[in-house]
Amino acid sequence: MSKIKKVAVIGTGVIGVGWTIRLLAHNIKVLAYDKNLIQRNILIQEIKRAVPFVKKLFNKKNINLNNLKFFSSLESTVKDADLIQECAPENYKLKTQLISQISNYCKPEVLISSSSSGLLPSRIFSKCKNSKRGIIAHPFNPVYLLPLVEIVPGKKTSSKSLNAANKFYKSISMNPITLKKELPGYLSDRLQEALWREALHIINEGYASTEDLDRAIEDGPGLRYSLMGTFFNFSFGRRKSWNETYA
Ligand SMILES: NC(=O)c1ccc[n+]([C@@H]2O[C@H](COP(=O)([O-])OP(=O)(O)OC[C@H]3O[C@@H](n4cnc5c(N)ncnc54)[C@H](O)[C@@H]3O)[C@@H](O)[C@H]2O)c1
């Protein structure tokens, strides 16, 4: 896979806008498409709002807005792209059909990357031409601000595609983590859901108020979680290196 200079962003809602801003800030050309034309104005407004602080964040003197081009057909958007970032609504049928169409129109070897926040890649890439190039790259909102991206392989995804994806997302100042195999909901959202589920049980059984449950995170472990993950947190003060076991 050659160097990625042009990225097609398909669907310019909340996440498509976020990707567009991050990509423009890293001098990548963005080829944007949304089936709803009104999104074009929203995209421009959001870019103008975010540009001043995104420049500071990435230490850029300028962000070249001429690198953004909006298209009115899917085919013309993806045909010359070096990577496709799909950002359409979270729905198996819609994404499977859309990715199949994209794969018919784009170059045969380019990465097709879905922003899905929990769907299984083997299912949404099941009708993709050359599905070994299909991956999930799940970002976190706002995409231009948060560095995490979860890369999830489907059963047919090649290691070449995973390596290329890792390299590319690092090049736009992200911290990719690659799952060993696919699971619904991936990693970060599953951890958040576990906490949410427990909070709902506690409320349901009448042990505490919602305010106190929020403070139980905000004033204590939340401060640590902003710096340390689950394993690091539980071994706080004991661990000497990442390789130490937790048994
Ligand atoms: N919102 C979040 O916090 C978040 C975080 C991470 C990942 N995601 C994932 O990103 C994806 C997009 O989510 P979102 O929040 O941006 O949704 P959104 O509803 O804000 O945007 C979706 C956009 O896709 C467009 N669209 C619908 N069908 C299309 C088609 N066939 N072709 C082109 N465009 C089409 C819509 O017009 C809309 O503008 C979903 O898979 C979602 O799970 C969302």
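Along every chain, residues carry numbers that run from 1 in the direction the sequence is written. It should be noted that, the model being predicted, local features are given only for residues of pLDDT at least 70 and side-chain atom pairs only at 80 or more, the latter also being counted only at that level, while totals for whole chains, interfaces and linings use all residues.

Caption draft 1: Representation of the domain arrangement of the protein chain. Split by domain assignment, the protein chain resolves into domain 1 (6–178) and domain 2 (188–234). The centre of domain 1, based on its C-alpha atoms, is set 31 Å off from the matching centre of domain 2. Boundaries of every domain are those given by an automatic assignment or by a domain database.

Caption draft 2: Structural view of the sheet that holds strand S7 (residues 148–153). Two strands make a pair as long as DSSP finds a minimum of two bridges between them. By definition, any uninterrupted DSSP run of H or I lasting at least four residues is a helix, any uninterrupted run of E lasting at least two residues is a strand, and each is numbered from the N terminus. Across the sheet, eight strands lie side by side as S3-S2-S1-S4-S5-S6-S7-S8; this open sheet has mixed pairing. A strand with exactly one partner marks an edge of an open sheet, and here the two such strands are strand S3 (68–70) and strand S8 (175–178). Strand-to-strand, the axes of this sheet are offset by a mean angle of 25°, without reference to chain direction. Both strand S2 (residues 29–33) and S3 contribute to a ladder of three bridges, which runs parallel. Paired with Ala32 across the bridge in S3 is Phe70. Angular values range over 0 to 180 degrees, each being the angle between N-to-C directions of two axes fitted as lines to C-alpha atoms, with helices fitted over their stretch in contact.

Caption draft 3: Quick look at the site of the ligand. Taken together, 23 residues form the shell around the ligand, and within it Gly11, Gly13, Ile15, Glu90 and Asn141 come nearest. Take the shell around the ligand: its biggest share by element is three residues, from helix H1 (residues 14–25). Side-chain classes are defined by residue name, with Ala, Val, Leu, Ile, Met, Phe, Trp, Tyr, Cys and Pro counting as nonpolar, Asp, Glu, Lys and Arg as charged, and the others, Gly among them, as polar. When its residues are assigned to classes, the shell around the ligand shows nine nonpolar, 11 polar and three charged. For each residue, a C-beta position is placed from the backbone atoms; the residue is near a molecule or strand when that point lies within 6 Å of it.

Caption draft 4: The arrangement of the environment of Lys35 in detail. Mapped onto the fold, Lys35 is located in the loop between S2 and helix H2 (39–57). Separated by 143 residues in sequence, Lys35 and Thr178 have C-alpha atoms that sit 31 Å apart.

Caption draft 5: Quick peek at the nonpolar core. To count as a nonpolar core, a set of buried Ala, Val, Leu, Ile, Met, Phe, Trp, Tyr and Cys residues must be joined through C-beta atoms within 7 Å. Counting other C-beta atoms within 10 Å of each residue's C-beta, where C-beta atoms are placed from the backbone, gives the exposure class: buried for 20 or more, exposed for 12 or fewer, partly exposed between. Val7, Ala8, Ala81 and Ile84 are the most contacted members of the largest nonpolar core, which has 51 residues in total. Among the elements that make up this core, the one with the highest residue count is H1 (seven residues). We call two residues in contact if the C-beta atoms placed from their backbones are at most 7 Å apart. When sequence neighbours within four positions are dropped, the list of residues in contact with Ile84 reads Ala8, Ile10, Val78, Ile102, Cys106, Val110, Ile112 and Ser113.

Caption draft 6: Structural view of the packing of H1 against H2. As a packed pair, H1 and H2 sit with axes 10 Å apart at the nearest point and diverge in direction by 45°. Overall, the two elements H1 and H2 adopt an arrangement that is oblique. Relative to H2, the crossing made by H1 is right-handed. For the pair H1 and H2, the contacting residues are Val17, Thr20, Ile21 and Ala25 in the first and Leu43, Glu46, Ile47, Ala50 and Val54 in the second. An angle below 35 degrees is treated as roughly parallel, one above 145 as roughly antiparallel, one from 65 to 115 as roughly perpendicular, and anything else as oblique. Definitions for this section: a left-handed crossing has its near helix turned counterclockwise from the far helix by less than a right angle. A right-handed crossing has that turn clockwise.

Caption draft 7: Summary view of H2. Given a helix with a known number of residues, its expected span is that number minus one, times 1.5 Å. The terminal C-alpha atoms of H2, which comprises 19 residues, lie 25 Å apart, in line with the 27 Å expected from a rise of 1.5 Å per residue. Where H2 bends most, at Val51, the angle is about 50°, and the proline Pro52 comes one to four residues later. Buried-residue contacts for H2 involve H1 and S2. The first or second residue beyond H2 is Asn59, which carries a positive phi of 55°. The term bend refers to the angle at a residue between two fitted axes, each drawn through seven residues, those ending there and those starting there.

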